[in-house]
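Given next are the chains, with one letter for each unit.
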Amino acid sequence: MVIEGKKELSPANLEDLKNLCKQVRKQIINMVYQASSGHIGGSLGSTELIVTLYNHLMTHHPENPDWDKRDRFVLSKGHCTPVLYAVLANCGYFPKEDLSTFRRPGSHLQGHPYQPKTPGVEATTGSLGIGFSTILGMALTAKNRGQKHYYYVICGDGEIQEGQIWEGAMFANKYKLDNLIAFVDRNYLQTDGNSEDIMPLDPLAPKWESFGWKVYEINGHDIQEIVSTVISAKNSDRPVMIIANTIKGKGVSFMENAFGWHGAVPSKEDADKALKELENGI
Amino acid sequence: MEYKQTRQGYVDALIEMAEELPEMVVLDADVGKATLTLQFAKLFPERFFNCGIQEQNMLCVAAGMSLEGKIPFASTFGVFATCRAGDQLRNGIAYPKANVKVAVTHCGITVGGDGASHQSNEDIAITRSFPNMTILVPGDYEEAKLATKAAARMNGPVYLRLGRDKYPVISELHGSFIIGKSKLLYPGTDITIITTGIMVSEAIKARELLSEEGFSIRVVHMGTIKPIDEVAILKAAKETKGIVTIEEHSIVGGLGEAVAGIVAENHPCPVRRVGMRDIFGESGQAQELLDKFGMRAKNIIEEVKKIL
Ligand SMILES: Cc1ncc(C[n+]2csc(CCOP(=O)(O)OP(=O)(O)O)c2C)c(N)n1
Ligand SMILES: [Mg+2]
């Protein structure tokens, strides 16, 4: 069955999406705990973005992942597979039981997205910068064919320190990729600490504007704002960059804004505590 | 003897295939004048994408196009595709088995005047180590054409290695090109010379001179480096007294090591390698550099005699 993207967000839709986010966050904790490996912080922080895309904005077809009219999504910050896999499983791309095989030998759920193996994964990423350029080639092809679907990509803010991203920024502008809606997950954190200490990115919006992009800045946890911004972005005649301000580790008090939780594995107690907080609120 | 560019063979094949393969597209990174892809661009402007000096972005853009069903040929110089954009070639193309043809020129020492910065003598070593890669190294203009067409028709990542200079036209290479199959150019029972790319003419010359001295020399040309023709290599190991390899590439990680590895594991026999001896090149005329770095018929003959 085709899942049709929607424009309006009813109060009931909003409630559903919030509940889905709660469920996805618990799945993230469980996956990383079970695998003893994986990236929790950036996954929790991107949850509203990815859930809202797949469960509200995008038109796609989980039983027929190659359906050519689908909207495409690429997770360029490929380390955040826990959130992507949970969302794909919940949509029906593959059985939810598969999530417990994450990062285990023989699983189709590799540590970083691997397009040939996992239904619903559109591009192989993990080396930061690669997903962003890859989706440009996809979007350009569709644009030249006159196809109407959209291309969505999420980059990390640390990721955009890569030179390749700015190569891509020029490229998207040259070819006026108006079917491309990109996000940068602006959590100000990367592996070793704060982005402004490690390699400053601010002021970020003018950088993208000067590269020819239409730029929005939003609260990346506000589902209403994500929806209205994407709907408005579809009218752009240029590539769009949505700077989504987020909290890395969102939803778990001791993980929020703590760079140490970028790639750390929770103990049993930490995992239980996290799951309880996600259930009951911080 | 007639001399022609292998890069011209590449672009002539693209132009010949364009009608038949409407999904084929060509990308370049501002060296289209040198790779000759501008000739394609002139005829098919809507199927040509000049990515600017962005080798990393270009290789991944090509991968993205392939995911949408295009057959992209991405061209730049060998050194930039494999070293500047090595991660994109590995993680963006080889690992996901993207149907991208990375067709590079200016490989080997015969780049000439530009010097070591542009002479790619490591690219076979790098690409050989990537799983899923098919590596084609044609020996002359006509074989470059055949290899380009074979690359377009197979599904999966291909590294197509081409030169800059004009190289002898070798009629023995013409007719057909089967990926993974070597060409037996001359039979022989004493020593086998295994060659790849444009060194084929020196291999043939070495055989001629050695024949005059009464030796029976087999010459095998490897138009495909990966998957390599193990059968032909083992036949040579069993039927002749040893193997001399010659390649316009470093002896580290290239044809010579590929042959030596197969022989050592299955049927040990003497193997001697001619190529760049773990050294960067320098500026000069192509022909002078082949002399200076010891990649001539006379160097092959020396190695043959060390075995016999
Ligand atoms: C090319 C490359 N260099 C380094 C890494 C290692 N790495 C993985 S995640 C990461 C930090 C990413 O930070 P950011 O992009 O801000 O992601 P987020 O904060 O959303 O997790 C690094 C350095 C990588 N995967 N790829
Ligand atoms: Mg970050």
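- Chain B carries the name Transketolase family protein in an unreviewed UniProt entry, which gives Cerina litoralis as its organism.
- Quoted verbatim from the Sequence similarities (unreviewed entry) heading of the UniProt record, the comment on chain B is "Belongs to the transketolase family."
- Within the UniProt record for chain B, the comment given under Cofactor (unreviewed entry) is "thiamine diphosphate".

- The name given to chain A in an unreviewed UniProt entry is Transketolase, with the source organism recorded as Cerina litoralis.
- One UniProt comment on chain A, placed under Cofactor (unreviewed entry), says "thiamine diphosphate".
- Quoted verbatim from the Sequence similarities (unreviewed entry) field of UniProt, the annotation for chain A is "Belongs to the transketolase family."

**Here we look at the site of ligand 1**
Residues and elements named next belong to chain A.
And step 1. Contacts to ligand 1 come from 17 residues, most closely from Lys77, His79, Asp157, Gly158 and Lys248.
And step 2. Residue glycine 158 places a main-chain N or O atom 2.8 Å away from an oxygen atom belonging to ligand 1.
And step 3. One of the side-chain N or O atoms of asparagine 187 is found 2.9 Å from an oxygen atom in ligand 1.
And step 4. Here ligand 1 loses 75% of its free accessible area of 600 Å² to cover by the protein chains.
And step 5. A class-by-class count of the residues in the shell around ligand 1 yields two nonpolar, 10 polar and five charged.

**So, the interface of chain B and chain A**
And step 1. Contact with chain B, which involves 24 residues of that partner, is made by 28 residues of chain A.
And step 2. Between chain B and chain A the total buried area reaches about 2100 Å² when both faces are included, carbon and sulfur atoms providing 53% of it.
And step 3. For chain B, the biggest contributors to the area lost against chain A are Leu67, Glu68 and Tyr95 of chain B; these three give 29% of the whole.
And step 4. Counting across the chain B and chain A interface gives two salt bridges.
And step 5. Salt-bridge contacts for arginine 72 of chain A lead to glutamate 68 of chain B; the nearest nitrogen and oxygen are separated by 2.8 Å.
And step 6. Inspection of the chain B/chain A interface yields 10 residue pairs in polar contact (both at pLDDT 80 or more).
And step 7. Elements supplying a minimum of two residues to the side of chain B that touches chain A: β3 (48-50), α4 (55-67) and α6 (86-94) of chain B.
And step 8. It is α4 of chain B that contributes the most residues to the side of chain B that touches chain A, nine residues altogether.

**What to know about the coordination of the magnesium ion (ligand 2)**
Residue and element names in this part refer to chain A.
And step 1. Here the magnesium ion (ligand 2) is held by the protein donor atoms Asp157 (OD), Asn187 (OD1) and Leu189 (O), which lie 2.1 Å from it.
And step 2. Mapped onto the polypeptide sequence, the residues donating to the magnesium ion (ligand 2) form the spacing pattern D-x29-N-x1-L. With aspartate 157 in the loop between β2 (151-156) and α6 (163-174) and asparagine 187 in the loop between β3 (180-186) and β4 (189-190), the pair connects residues that are 30 residues apart, well separated along the chain. Neither residue differs from the other here; aspartate 157 and asparagine 187 are each classed as buried.

**Some remarks on the confidence of the model for chain B**
Residues and elements named next belong to chain B.
And step 1. Residues of chain B with pLDDT of at least 70 account for 100%, and the chain-wide mean is 98.
And step 2. Within chain B, the element-level pLDDT minimum falls on strand β8 (residues 166-168), averaging 97, and the maximum on strand β7 (residues 158-161), averaging 99.
And step 3. Predicted complex, confidence summary: ipTM 0.97, pTM 0.97.

**What to know about helix α13 (residues 297-307) of chain B**
And step 1. Here α13 of chain B has its buried residues at Ala297, Asn299, Ile300, Ile301, Glu303, Val304 and Ile307 of chain B.
And step 2. Packed against the buried residues of α13 of chain B are β10 (191-195), α9 (200-212), β11 (217-221), β13 (243-250) and β14 (271-276) of chain B.

**What about the sheet that holds β3 of chain A?**
All names here are of chain A.
And step 1. Here five strands make up an open sheet; going across it, the order is β1-β2-β3-β7-β6 and the pairing parallel. The open sheet terminates on both sides in strands that have one partner only, identified here as β1 (72-75) and β6 (214-219). Here the average twist between neighbouring strands, direction ignored, is 20°.
And step 2. Docked against the sheet, helix α3 (residues 47-57) engages β1, β2, β3 and β7 (240-245), running at close to 160° with respect to β1.

**Looking at the side chain of arginine 70 of chain A**
All names here are of chain A.
And step 1. Among the secondary structure elements, arginine 70 is positioned in the loop between α3 and β1.
And step 2. Side-chain polar atoms of arginine 70 contact the backbone oxygen of proline 65, separated by 3.0 Å.
And step 3. A distance of 2.7 Å separates a polar atom in the side chain of arginine 70 from a polar atom in the side chain of glutamate 122.
And step 4. Every residue in contact with arginine 70, bar those within four places of it in the chain, is listed here: Thr59, His60, Pro65, Glu122 and His149.

**A short note on the pairing of β13 of chain B**
All names here are of chain B.
And step 1. Most of β13 sits out of view: eight of its eight residues are buried.
And step 2. The sheet contact formed by β10 and β13 spans four bridges and is parallel. Bridge pairing links isoleucine 193 to valine 244 in β13.
And step 3. Examined bridge by bridge, β13 and β14 share five bridges and lie parallel to one another. Looking at β14, one finds that valine 244 is bridged to arginine 272.

**Observations concerning the packing of aromatic side chains**
And step 1. Considering all chains together, one arrives at 15 aromatic pairs over all chains under this definition.
And step 2. Centroid distance tyrosine 114 of chain A to tyrosine 95 of chain B: 4.2 Å. Interplanar angle 20°. Geometry classified as stacked. Taken as a pair, tyrosine 114 of chain A in the loop between α4 (81-91) and α5 (130-145) and tyrosine 95 of chain B in the loop between α6 and β5 (101-105) lie in two separate chains rather than in one.
And step 3. Classification of tyrosine 114 of chain A by relative accessible area gives buried; the value is 8%.
And step 4. Taking the ring centre of tyrosine 188 of chain A as reference, the NZ or CZ of arginine 186 of chain A above it sits at 3.5 Å.
And step 5. Here lysine 214 of chain A stacks its cationic end above the ring of tyrosine 216 of chain A, 5.1 Å away from the centre of that ring.

Parameters and conventions
Residues numbered from 1 in each chain as written. Chains lettered and ligands numbered in written order. Predicted model: local features only at pLDDT ≥ 70, side-chain atom pairs only at ≥ 80, totals over all residues. Heavy atoms only, no water. UniProt positions renumbered as here; feature names shortened; annotations may be inferred. Near = heavy atom within 4 Å. Polar contact = N/O pair within 3.5 Å; in protein donor to acceptor, adjacent residues only side chain to side chain. Areas by Shrake-Rupley, 256 points an atom, 1.4 Å probe, with all protein chains shown as cover. Nonpolar A, V, L, I, M, F, W, Y, C, P; charged D, E, K, R; others polar. Contact = heavy atoms within 4.5 Å. Buried area = accessible area lost by both parts, 1.4 Å probe. Salt bridge = Lys/Arg side-chain N within 4 Å of Asp/Glu carboxyl O. Helix = DSSP H or I, 4+ residues; strand = E, 2+ residues; numbered from the N terminus. Donors = N, O, S within 2.8 Å, 3.2 Å for Na, K, Ca; no water. Buried < 20%, exposed > 50% of the residue type's maximum accessible area, 1.4 Å probe, protein only. pLDDT = per-residue confidence, 0-100. Pairing = 2+ DSSP bridges. Axes fitted to C-alpha atoms, helices over the stretch in contact; angles between N-to-C directions. Phe/Tyr/Trp six-rings, centres within 6.5 Å; stacked < 30°, edge-to-face > 60°. Lys NZ or Arg CZ within 6 Å of the ring centre and 35° of its normal.

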